[in-house]
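Reading the structure
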Amino acid sequence: MIERGIFVTINQSLDEKVVNDIARLYDTEIEKLPTLEEAAFRQEEAEDVKDLVPRAPVVTFMGHVDHGKTSLLDMIRKTKVAAKEHGGITQHIGAYEVMLKDGAVSFLDTPGHEAFTEMRARGANATDIVILVIAADDGVKPQTVEAIDHARAAGVPIVVALNKCDLPHIDIDKVKTQLSKLNLMSEDWGGKTIVVEVSAKTGKGIDKLLEMLLLEAELLELKANPKTVAKGVVVESELSRGHGIAATVLVQNGTLHLGDMVVAGTHYGKVKAMINDRGQRVQGAPPSTPIEILGLSGVPQAGEKFFVAKDERKTREYCLKKQSAEKERELSAPKHVSLESLYQQIEKGQIKELKVIIKGDVSGSIEALQKSLGELSTKYIKIGVIHSGLGNVNDSDVVLAMASNAVVIGFHVKVESKAQQTADKEGVEIKLYNIIYEATADIEAAMEGMLEPIAKEVSLGKAQVRKTFTTSKVGTIAGCYVVKGKIARNAAVRLSRGGNIVYEGKIASLKRFKDDIKEAAEGFECGIALAHHNNIKEGDVIEAFEIQKIARRLKDK
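Residues numbered from 1 in each chain as written. Predicted model: local features only at pLDDT ≥ 70, side-chain atom pairs only at ≥ 80, totals over all residues. Heavy atoms only, no water.

Bringing the environment of Phe 61 into the picture now. Counting through the fold element by element, Phe 61 comes out in strand E2 (residues 58-63). The spatial distance from the C-alpha of Phe 61 to the C-alpha of Leu 72 is 9.0 Å, given a sequence separation of 11 residues. (Helix = DSSP H or I, 4+ residues; strand = E, 2+ residues; numbered from the N terminus.)

Structure follows, in structure tokens:
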């Protein structure tokens, strides 16, 4: 390290590139050990198929405000949970388990689609099925459309519950027509969407809805391994006066036991107590079970993954490292896509599609903008409008953009203050326009940059090794004669022996006599030392080359 001009202490961490460079110097291979989290989730992939058993589906209610999401969940709990409890106190833990004669269903009580999508933004897809609640007397509303787009962005099947079907003068067909326009065609109309008529007031249709959920779950073939260590997701958490730090978690695989060492986000701790949704203390929680746990060192965020670890010392070190990495990430540049950063993200192979959310003042403008942007898609880059709607840019739009890595485009609209705060905090880009042409021109310019350039190798020159020397400081130096073109100091090189490539890398040193030079031209002699490679012999050929990137234009569609 001192020879490289890098001064480190014995306890200092080195970055991966430096470690790999040193390993190459000593002909050694580096084995990269997985993090605790990677090891936990890799183990899940390697599990034996014969240990997998069917698990209960996890269901989330979504829909327009006041359409009866909470009333419907309360009615399900009243008829299916409280009836069996006889005076038992139902604990509000943000999730409930309902036992039916043919199986169980777990319900996540998230307050709307923003919370559902915020969880997804942290990498947690906790929901298997979404129940879209629509009031039969009110029909499809803007928030209903938002909920559909959020569920579709997560790739989760939708079951429609038409609530308030006990009311007189309701038009079910009108609501089904509205749904068909949103590509949710009811099964009785020849489509694939399950639509169930229910009433949260009378309990009508509740049994059929639960039956349909189990049927949908059967088609999804949901399975988990109860014999392994537990993994899952944090549903909600709080610092309560009586219990201290309490976190509601959903076990997605394995079984969580009392005394297990749990890591959730950047926090960890031994499970001191587990309380189910009926307020009972339990010893274990199998897959698809929502459970409140006590004993964590801090309050994890909703949507954080949790897993069980064995070694307390390693767990503590892992959480401390994760905390410092989290701080660094917060201090660094915005995490989400912006029109300016698209090109860099493409170069790193991180993005092939530009996802867009459009908000406009009138539907005609939105349609025109959608059509114009759609025409910009090429075989290399796709523009996907994942949500569009009337009105100002709101917090829900920004949360969806955050989870889907999308850009928000507003046309003749403003940004609500809460949405602006979330966008600033999370690094989500909002672009406002008054002219359609300006919006398409901006996107087109970003796409020109984001189109993957064509990589082309260009040979610069060749040199023949005439003699080799060894020095203690540099290692092997090749005395060369440039037979073609030029050898540049900053070029990439490959060393060939008998037509076979022996080495590919960079030049460590290029000299003529004792002087450092930038390049050696054809017909001249020079001394070349290769970076981290000393196996050079007389008669070898050193070829210098560079990779040129030629930008693709949209006309190359």
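Using the criterion set out here, one finds two aromatic pairs in the structure. For the ring pair Phe 61 and Phe 107, a centre distance of 5.6 Å and an interplane angle of 20° mean the geometry is stacked. In this pair, Phe 61 sits in strand E2 while Phe 107 sits in strand E4 (residues 103-108), placing the two residues 46 residues apart along the sequence. The interplanar angle of 70° and the centroid separation of 6.2 Å between the aromatic rings of Phe 307 and Tyr 318 together place this pair among those described as edge-to-face. Placement of Phe 307 in strand E17 (residues 305-309) and of Tyr 318 in helix H8 (residues 312-331) is noted, with a sequence separation of 11 residues between them. Exposure remark for Tyr 318: the relative accessible area of 13% places this residue in the buried category. (Phe/Tyr/Trp six-rings, centres within 6.5 Å; stacked < 30°, edge-to-face > 60°. Buried < 20%, exposed > 50% of the residue type's maximum accessible area, 1.4 Å probe, protein only.)

This part covers the side chain of Ser 509. By secondary structure assignment, the location of Ser 509 is in strand E25 (residues 500-512). For Ser 509, a relative accessible area of 15% gives the class buried. When sequence neighbours within four positions are dropped, the list of residues in contact with Ser 509 reads Arg 489, Gly 527, Ile 528 and Ala 529. (Contact = heavy atoms within 4.5 Å.)

Soluble globular proteins: nonpolar side chains tend toward being buried together. Grouped together as the largest cluster of nonpolar side chains are 28 residues, with contacts concentrated most on Phe 61, Leu 72, Phe 107, Ile 131 and Leu 213. Sort the elements by how many residues they give to this core and helix H7 (residues 206-220) lands first, with seven residues. In this structure Leu 72 touches Phe 61, Val 133, Ala 161, Asn 163, Val 198, Ala 200 and Ile 206, once residues within four positions along its chain are discounted. Counting residues in each nonpolar core, the second largest holds 22 residues, with Ala 491, Tyr 503, Cys 526 and Leu 530 among its members. (Core = buried A, V, L, I, M, F, W, Y, C linked by side-chain atoms within 4.5 Å.)

Another aspect to go through is the side chain of Thr 476. Assignment of secondary structure puts Thr 476 in strand E23 (residues 475-488). Owing to a relative accessible area of 10%, Thr 476 belongs among the buried residues under this scheme. Only 3.0 Å separates the side chain of Thr 476 from the backbone oxygen of Asn 534, close enough to count as a polar contact. Not counting residues within four places of it along the chain, the set of residues in contact with Thr 476 comprises Thr 468, Phe 469, Thr 470, Ile 528, Ala 529, Asn 534 and Ile 536. (Polar contact = N/O pair within 3.5 Å; in protein donor to acceptor, adjacent residues only side chain to side chain.)

So, on to unusual backbone geometry. A positive phi angle, near 50°, is found at Glu 221, a position not held by glycine. Assignment of secondary structure puts Glu 221 in the loop between H7 and strand E8 (223-224).

Residues lying three or four places apart along an α-helix face the same way, a consequence of the helix completing one turn every 3.6 residues. In a regular helix each residue adds 1.5 Å, so 12 residues correspond to 16 Å; helix H10 (residues 363-374) covers 16 Å between its end C-alpha atoms and thus fits that length. What H10 keeps buried is the set Ser 365, Ile 366, Leu 369 and Leu 373. Projected onto a plane normal to the axis of H10, the buried residues spread over an arc of 100° and lie on a single side. Residues Glu 367 and Lys 371 are exposed on H10 and point more than 90 degrees away from its buried face. (Expected span 1.5 Å × (residues − 1). Arc of directions from axis to C-beta.)

A few words on the sheet that holds strand E7 (residues 194-197). Taken in spatial order, the six strands of this open sheet run E3-E4-E2-E5-E6-E7, and their pairing is mixed. Bordering the open sheet on either side are strand E3 (95-100) and E7, each of which pairs with just one other strand. Shown here is a sheet whose adjacent strand axes are inclined to one another by a mean of 30°, direction ignored. Here E3 pairs with E4 via six bridges, running antiparallel. Paired with Met 99 across the two strands is Ala 104, which belongs to E4. Against the sheet, helix H5 (residues 142-153) contacts E2, strand E5 (129-135) and strand E6 (158-163), and its axis sits at roughly 170° relative to E5. (Pairing = 2+ DSSP bridges. Axes fitted to C-alpha atoms, helices over the stretch in contact; angles between N-to-C directions.)

Here the focus is the pattern of salt bridges. The full count for this structure, using the stated rule, is 18 salt bridges. Between Arg 55 and Asp 128 there is a salt bridge, with its nearest N and O atoms 2.8 Å apart. One end of the pair, Arg 55, is in the loop between strand E1 (53-54) and E2; the other, Asp 128, is in the loop between helix H4 (113-121) and E5, and 73 residues separate them in sequence. Comparing Arg 55 with Asp 128, the two get one shared label, buried. Where Asp 188 meets Lys 176, a salt bridge forms, and the shortest distance between an N and an O atom there is 2.6 Å. In this pair, Asp 188 sits in the loop between helix H6 (172-181) and E7 while Lys 176 sits in helix H6, placing the two residues 12 residues apart along the sequence. Overall, Asp 188 belongs to the exposed group, its relative accessible area being 54%. Residue classification places Lys 176 among the buried residues on the basis of a relative accessible area of 7%. (Salt bridge = Lys/Arg side-chain N within 4 Å of Asp/Glu carboxyl O.)

All right, on to the packing of helix H11 (residues 395-404) against helix H12 (residues 417-426) then. Running from N to C, H11 and H12 point in directions that differ by 20°, and their axes come no closer than 8 Å. By the criterion of interaxial angle, the relationship of H11 to H12 is roughly parallel. In contact with Asp 395, Val 398 and Met 402 of H11, H12 contributes Lys 418, Ala 419, Thr 422, Ala 423 and Glu 426. Its residues assigned to classes, the contact of H11 with H12 shows four nonpolar, one polar and three charged. (Parallel < 35°, antiparallel > 145°, perpendicular 65-115°, else oblique. Nonpolar A, V, L, I, M, F, W, Y, C, P; charged D, E, K, R; others polar.)

With that settled, consider the sheet that holds strand E20 (residues 406-411). The strand order across the open sheet formed by four strands is E19-E18-E20-E21, and the pairing between neighbours is parallel. The strands lining the two open edges of the sheet, one partner per strand, are strand E19 (382-390) and strand E21 (430-433). Strand-to-strand, the axes of this sheet are offset by a mean angle of 25°, without reference to chain direction. Pairing geometry for E20 and E21, over four bridges, is parallel. Residue Phe 411 lies in a different strand from E21, and its bridge partner there is Tyr 433. Docked against the sheet, H10 engages strand E18 (353-360), E19 and E20, running at close to 175° with respect to E19.

In terms of residue burial, E18 counts as a mostly covered element, since six of its eight residues are buried. As judged from the six bridges shared by E18 and E20, these two strands associate in the parallel manner. Paired with Lys 355 across the strands is Ala 406, a residue of E20.

Moving on to the pairing of E25. In the sheet, strand E24 (residues 492-497) pairs with E25 via six bridges, with the strands oriented antiparallel. Within E25, the position partnered with Arg 497 by the bridge is Asn 500. Two elements, E25 and strand E28 (residues 525-530), share four bridges in a ladder whose sense is antiparallel. Bridging from a neighbouring strand, Lys 511 pairs with Gly 527 of E28. Alignment of E25 against strand E26 (residues 515-516), held across two bridges, turns out to be antiparallel. Across the sheet, residue Arg 512 finds its bridge partner in E26, namely Asp 515. Here E25 hands over to E26 after two residues, with Phe 513 in that stretch at a positive phi of 55°.

That's the geometry; what it means functionally is another story.
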